[in-house]
Amino acid sequence: MFVVKKTIKEKDYYYLQQSKRENGKVISKTIAYLGKTKTGAEKKAKEFKGEDKKDEMEEKKIIISKELTIDELANFCKRKGFVYPSGDLYGGLAGFWDYGPVGSELKKNIKDAWWNFHVHGREDIVGIDGSIITNPQVWEASGHVGNFVDVEVYNKKTKEKKKVDKHELKDLGPEWENKGEFNPMFTTEVGPVKEDSTKAYLRPETAQLIFADFKAVQENARLKLPFGIAQIGKAFRNEIAPRNFLFRSREFEQMEIEYFIDPEKKEECPWVKEVENFEINILSAEMQKNKEEPKRMKIKEALSKKIIMLPWHAYWLATEVKWFLDLGANPNNFRIRQHEKEEKSHYATDTWDVEYKFPFGWKELQGIADRGTFDLDQHEKHSKKDLKIMDEQSGKKILPMVVAEPSLGVERAFLVFLFDAYSIDNKEQIILRLNPKLAPVKAAILPLVKKDVKLVKIARSIYEDLRKEWNIAYDESGSIGRRYARNDEIGTPFCITVDEESTKKEDVTIRFRDTGEQKRIKISKLKETLRDLISGKND
């Protein structure tokens with residue numbers, strides 16, 4: 001490396017250059033801007049060689065996963081603009097969270113990826129967007145008003161309060177006191193005058209309006225069995241003690257599907273062969289009863305041994321885990337667990353959870369429940385409306401059953417992708433290895449020298465062009481190494497540097513977050529290249 005002086009508009013500027021052999025020729029590349037004085041430039045060059053040697057070090061980057069506690073992740077999210085306590089200016093409010101500049105983008109990208117895969121990517125599923133507040137009779141019919149209860153328990157030693165399911169009471173020690181049952185639904189009043197208002201509820205789940213709108217959606221979309229109805233939306237539960245950051249909160253979002261089939265064809269899943277060789281750690285109810293460890297097996301083995309009873313459950317369990325893995329999640333952190341007898345809802349013949357190894361233990365990430373015809377039966381009974389549909393194959397009117405209900409919390413998915421992406425390199429710098437499809441910022445445009453008018457003009461032009469299609473950052477502040485590091489921390493997969501060669505050859509350097517590798521590419525090919533990189537075509 002060596003220092004060179006360039007005179008631009010009668011002013012001196014010093015740069016760090018490096019000679020490299022490419023295609024049999026020795027060429028000189030600009031590494032960094034060093035300042036306007038020779039003395040300062042020489043000093044910065046020495047520092048750079050010691051700590052900002054990016055062109056040499058990036059190719060040798062070693063990245064290792066970094067395990068975090070939930071509190072460490074919460075602090076990182078607040079510091080980097082992912083998630084803040086809601087109303088933090090006034091001390092916050094437990095169980096409510098606000099998403100910052102990069103967090104709101106990541107959350108949107110997760111929802112878009114889920115919707116594109118489950119709705120746009122399939123012929124058999126359509127979506128709805130139901131109201132948060134609806135006719136309270138919906139919740140009376142569903143059983144939420146009368147039977148949606150949790151149990152509050154109180155620890156006499158630690159003074160801790162929490163909610164548990166009824167079946168969990170037997171596992172608590174003598175220090176826990178049962179404080180009784182409560183309904184976690186938020187109530188509100190519809191109407192400006194209290195005496196004329198109607199008591200209503202903030203929805204505690206997104207499923208019920210799928211059932212209430214079932215007949216209209218089926219007719220409008222001309223759906224034929226088997227088919228699904230999907231929804232992404234807010235839900236609310238008045239938790240006693242929200243905890244573990246986003247894992248258990250009072251306001252959250254669900255991504256949910258109700259999948260309907262002919263009850264007489266529950267053993268006939270046309271796509272199960274697509275996933276039969278998928279391997280996953282399985283913890284059955286029998287294994288739990290016998291205090292056994294999970295066993296890793298293929299889906300077809302679990303079906304043949306009747307560990308998973310329904311082919312539809314096997315298909316959806318594998319499909320949902322694969323969705324996470326295809327977006328970069330760590331397969332070692334996933335397992336599927338069957339509900340034991342006392343856990344299952346009264347209407348379910350079988351229920352499974354996709355579980356993830358959070359820092360605080362294996363916890364439910366997504367539920368796959370068989371709801372039978374319970375919900376449509378209830379809404380037929382209470383509304384006095386016929387919700388049966390004509391099945392063209394059998395020529396009969398039938399009330400479909402929900403054979404599977406893949407129900408996933410957006411916030412829990414958000415945690416999974418952050419935990420599995422959080423890494424550090426050999427210089428102890430944070431690298432957030434998010435899949436480019438999920439990354440909040442797809443690329444950062446970096447002019448090497450912010451005072452070089454030509455470089456800035458090219459960089460701004462590229463920025464304006466790319467931002468029409470993606471969320472793109474423009475960063476000209478600080479050394480190029482510091483700018484790389486800033487973008488690594490928030491998961492930006494590609495940094496595009498405009499340097500002096502760009503003015504001569506009309507090309508730029510793309511730097512890859514996970515490897516530090518750098519490649520030059522023509523500006524005219526940049527959008528096409530970036531599109532392929534984000535979609536995964538160039539993997």
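Cut-offs applied
- Residues numbered from 1 in each chain as written.
- Predicted model: local features only at pLDDT ≥ 70, side-chain atom pairs only at ≥ 80, totals over all residues.
- Heavy atoms only, no water.
- Salt bridge = Lys/Arg side-chain N within 4 Å of Asp/Glu carboxyl O.
- Helix = DSSP H or I, 4+ residues; strand = E, 2+ residues; numbered from the N terminus.
- Buried < 20%, exposed > 50% of the residue type's maximum accessible area, 1.4 Å probe, protein only.
- Pairing = 2+ DSSP bridges.
- Axes fitted to C-alpha atoms, helices over the stretch in contact; angles between N-to-C directions.
- Parallel < 35°, antiparallel > 145°, perpendicular 65-115°, else oblique.
- Contact = heavy atoms within 4.5 Å.
- Nonpolar A, V, L, I, M, F, W, Y, C, P; charged D, E, K, R; others polar.

Visitor: Looking at this structure, I do not really get the pattern of salt bridges. What am I missing?
Guide: Where charged atoms from two side chains of opposite charge come close, those side chains can pair. Scanning the model with the defined rule gives 43 salt bridges in all. Its salt-bridge partner being E251, residue K234 comes within 2.7 Å of it at the nearest N-O pair. With K234 in strand β13 (residues 227-236) and E251 in strand β14 (residues 251-261), the pair connects residues that are 17 residues apart, well separated along the chain. The exposure class of K234 is partly exposed, given its relative accessible area of 28%.

Visitor: For this particular structure, what's the right way to read the pairing of strand β8 (residues 150-155)?
Guide: The side chains of a regular strand alternate between the sheet's two faces. Taking burial as the measure, the six residues of β8 include six buried ones, the bulk of the element. Going residue by residue along β8, you find D150, E152 and Y154 tucked away on one face and V151, V153 and N155 tucked away on the opposite face as well. For β8 and strand β9 (residues 161-164), the ladder comprises four bridges, and the chain directions are antiparallel. The residue of β9 that forms the bridge with E152 is K163. Counted along the chain from β8 to the antiparallel partner β9, the turn is five residues long, and its residue K159 has a positive phi close to 70°.

Visitor: Whenever I open this one, the packing of helix α3 (residues 70-80) against helix α13 (residues 410-421) confuses me. Can you help?
Guide: Working note: a packed helix pair is described by the angle between its axes plus the distance between those axes. Here α3 crosses α13 at 95°, and the two axes come no closer than 12 Å. Comparing their axes, α13 and α3 come out roughly perpendicular. Across the interface between the two elements, I70, L73 and C77 from α3 touch L415, L418 and F419 from α13. Split into classes, the residues belonging to the contact of α3 with α13 amount to six nonpolar, no polar and no charged.

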